[in-house]
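Topology and contacts: notes
Single-letter residue listing:
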Amino acid sequence: MKRISSALLGVLLAGLGAGSAIAQQQTLPASNAPQAAPTTAAPDDGGLTGSVTGEGAWQDLGVAIPAFPTDNAVPTAADGGNTAALGKNLARVVYNDLKNNGLFKPTGPDALPGIGYQEVAAPNFSGWRARSAEMLVQGFVRAAADGRLTVGCYLYDVGLGSELARQGYVVQPGDWRRAAHKCADMVYSRLSGESPFFDSKIAYIAETGPKDHRRKQLAIMDSDGANHRFITNGQATALTPRYSPDYQQIAYLSYLNGNPRIYVYDIGSGTQHLVLQSRNPTFAPRWSPDGKSLLFSMAIGGNTDIYRIPATGGEPVRLTNAPGINVGGSYSPDGKRIVFESDRSGSQQVYVMNADGTDQKRISFFGGRAATPEWSPRGDQIAFTCICGNLRVAVMNPSGGDMRFLTNSWQDEAPTWSPNGRIVQFFRTEKNTGHTSIWQVDLTGLNERKLNTPVDASDPAWGPVLP
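Residues numbered from 1 in each chain as written. Predicted model: local features only at pLDDT ≥ 70, side-chain atom pairs only at ≥ 80, totals over all residues. Heavy atoms only, no water.

What follows covers the overall build of the protein chain. Check the secondary structure of the protein chain and you find five helices and 30 strands. Taken across its 467 residues, the protein chain has 55% of its residues classed as buried. A separation of at least 24 residues holds for 47% of the contacts in the protein chain among residues at least 6 apart in sequence. Carbon and sulfur atoms form 47% of the exposed surface of the protein chain, whose accessible area is close to 18,700 Å². (Helix = DSSP H or I, 4+ residues; strand = E, 2+ residues; numbered from the N terminus. Buried < 20%, exposed > 50% of the residue type's maximum accessible area, 1.4 Å probe, protein only. Contact = heavy atoms within 4.5 Å. Areas by Shrake-Rupley, 256 points an atom, 1.4 Å probe, with all protein chains shown as cover.)

The structure is reproduced here in structure tokens:
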């Protein structure tokens, strides 16, 4: 996917009555000038400026998202069959992205009147004010002779009657959803001041078959559950996938005939290499922040300890040596510390240690047990499974304080973070049926969302935002 410049967006709309509006918007003051949302960091300006002020004010914003018009309704290989139908599908994806994260109050294209192509860069602000819209997302789609699509996305402050941001993309028809996710990311970043996460991938374990003989395959999909595909064929059991920090690879555990292996799968080439093969029970490979090594757990002689190994393979280095079971290492974002699970105190609890294995100490001291900890990409919280009667997803700070629950179901476990550290993903097992599915919840615990998968799903892992 190729990003196009603000100037080119103006050219694409020129000659259709919108050229002068584009030229005028390009000379607006800095606070309203076109700007691209970053892919790895929050905007420098701290989020929305203008008519919406005050902490948390953006969380109740009414955002209107009409269908993206086209200059000429022509056939396309993208969903919808022609660019006019695709324009509505693009707006629907943007709407669903913004609705399902729980921060905004969007209205989508199915509940709004359509707009003309000329209106994209020259909105009818008075009309949108009459509909009580505070923010407006408008865009367009055009098809080139070679089949590629150009998608433009604009964010406006309706109250001020001004443009806040714009971006444009050139995509192949099969990548049209990425353009919509990038548009939603731009809106989310500009309004919230936080890093984006919609244009990202999720890896998970797809489960089929009877409970006592499950077939477990590695699969990946978009952050909203679309574009699903299986990576492994199910002949070997796949478990606990995790994306590399650069998104280029996935580390996972494979069991064939009872023998565990750690593989690293290369997403671009579709090939994989063996990192470790052992006759000892092995668990949960996890990447270091620099992508050079993996943590994993291995049971030898009755003890299970955490080891580090180069991601290319090599000799493992043991980091823990306490009696009992030590598993589930997860690095802090700066790579200096590791959070893990241990039963050395008599029950499963959360511990932290330095990256070299020194200074191991327990941090969970509430009622119940604690398992599967994972450090937030922001570094300020640790998500974990609280075994407190039912299994619930909870978070705490790196010292073990401020513990709070995010879910309250029968069996929620194995939390993993969105790239921006604001959403926690986990899998839920249904009582009585045993069916498993992937869910997401924001840090308020109020907004839960189930991702649709073709089969049962477990062990989710969220990948970084795509470039």
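The next thing to look at is the nonpolar core. Residues Val94, Leu98, Val137 and Leu191 are the most contacted members of the largest nonpolar core, which totals 45 residues. Considering every element that reaches this core, the biggest residue donor is helix H5 (residues 176-192), with nine residues. Once you skip the residues sitting within four places of it in the chain, Leu98 turns out to touch Ile65, Phe104, Pro106, Ala184, Val187, Tyr188 and Phe198. (Core = buried A, V, L, I, M, F, W, Y, C linked by side-chain atoms within 4.5 Å.)

Across the sheet, four strands lie side by side as S14-S15-S16-S17; this open sheet has antiparallel pairing. Taken across any chain shown, the strands that pair with only one partner, and hence form the sheet edges, are strand S14 (282-287) and strand S17 (317-318). Bridging between strand S16 (residues 303-310) and S17 involves two bridges; their strand directions are antiparallel. In the sheet register, Tyr307 faces S17, and the bridge partner there is Arg318. (Pairing = 2+ DSSP bridges.)

The sheet built from four strands is open, its strands ordered S10-S11-S12-S13 with antiparallel pairing. The sheet is open, and its two borders are formed by strand S10 (237-243) and strand S13 (272-277), each paired with just one other strand. Ignoring which end each strand starts from, the neighbouring axes of this sheet average 25 degrees apart. In this sheet, strand S11 (residues 249-256) lies alongside S10 in antiparallel orientation, the contact comprising five bridges. Within S11, the residue paired with Tyr243 across the bridge is Ile250. (Axes fitted to C-alpha atoms, helices over the stretch in contact; angles between N-to-C directions.)

To continue, consider the state of the cysteines. For the structure on display, the rule yields two disulfides. A sulfur-sulfur distance of 2.0 Å marks the disulfide that ties Cys153 to Cys183. Across the S-S bond linking Cys153 and Cys183, the dihedral sits near 55 degrees, which makes this disulfide right-handed. Of this pair, Cys153 sits in strand S5 (residues 149-157) while Cys183 sits in helix H5; the two residues are 30 residues apart in sequence, bridging distant segments of the chain. What makes Cys153 buried here is its relative accessible area of 0%. Looking at Cys183, the relative accessible area reads 0%, which means it is buried. Covalent S-S linkage joins Cys386 and Cys388, the inter-sulfur distance amounting to 1.8 Å. Residue classification places Cys386 among the buried positions, given a relative accessible area of 0%. Classification of Cys388 as partly exposed rests on a relative accessible area of 25%. (Disulfide = S-S within 2.5 Å.)

Given a rise of 1.5 Å per residue, 18 residues ought to cover 26 Å, and the 26 Å separating the end C-alpha atoms of helix H3 (residues 83-100) matches this to within 8%. Of the residues making up H3, those classed as buried are Thr83, Leu86, Gly87, Asn89, Leu90, Ala91, Val93, Val94, Asp97 and Leu98. Buried residues in H3 make contact with strand S3 (105-107), strand S4 (135-143), S5 and H5. Two or three places before Ala84, at the start of H3, stands the capping residue Asn82, its side-chain oxygen 3.0 Å from that residue's backbone nitrogen. Looking one or two residues beyond H3, the residue adopting positive phi is Gly102, at roughly 80 degrees. (Expected span 1.5 Å × (residues − 1). Polar contact = N/O pair within 3.5 Å; in protein donor to acceptor, adjacent residues only side chain to side chain.)

Our next topic: the packing of aromatic side chains. According to the stated counting rule, one finds 13 aromatic pairs in the structure shown. Consider the rings of Tyr154 and Tyr156, whose centres lie 6.2 Å apart with planes at 5 degrees: the pair is stacked. On the basis of relative accessibility, which here comes to 0%, the residue Tyr156 falls in the buried class. Here the aromatic residues Phe104, Tyr188, Phe197, Phe198 and Trp462 are joined through ring pairs into a cluster of three or more. In this structure, Arg344 is placed above the aromatic ring of Tyr351, and the distance from its NZ or CZ to the ring centre is 4.8 Å. Taking the ring centre of Trp439 as reference, the NZ or CZ of Arg428 above it sits at 4.3 Å. (Phe/Tyr/Trp six-rings, centres within 6.5 Å; stacked < 30°, edge-to-face > 60°. Lys NZ or Arg CZ within 6 Å of the ring centre and 35° of its normal.)

A separate point is the pairing of strand S18 (residues 326-331). Across the six residues of S18, six count as buried, placing the element largely inside the fold. Across four bridges, S18 lies against strand S19 (residues 337-342) in antiparallel orientation. Looking at the pairing, Val327 lines up with Glu341 of S19. Connecting S18 to the next strand, S19, in antiparallel fashion are five residues, including Gly335 with a positive phi near 75 degrees.

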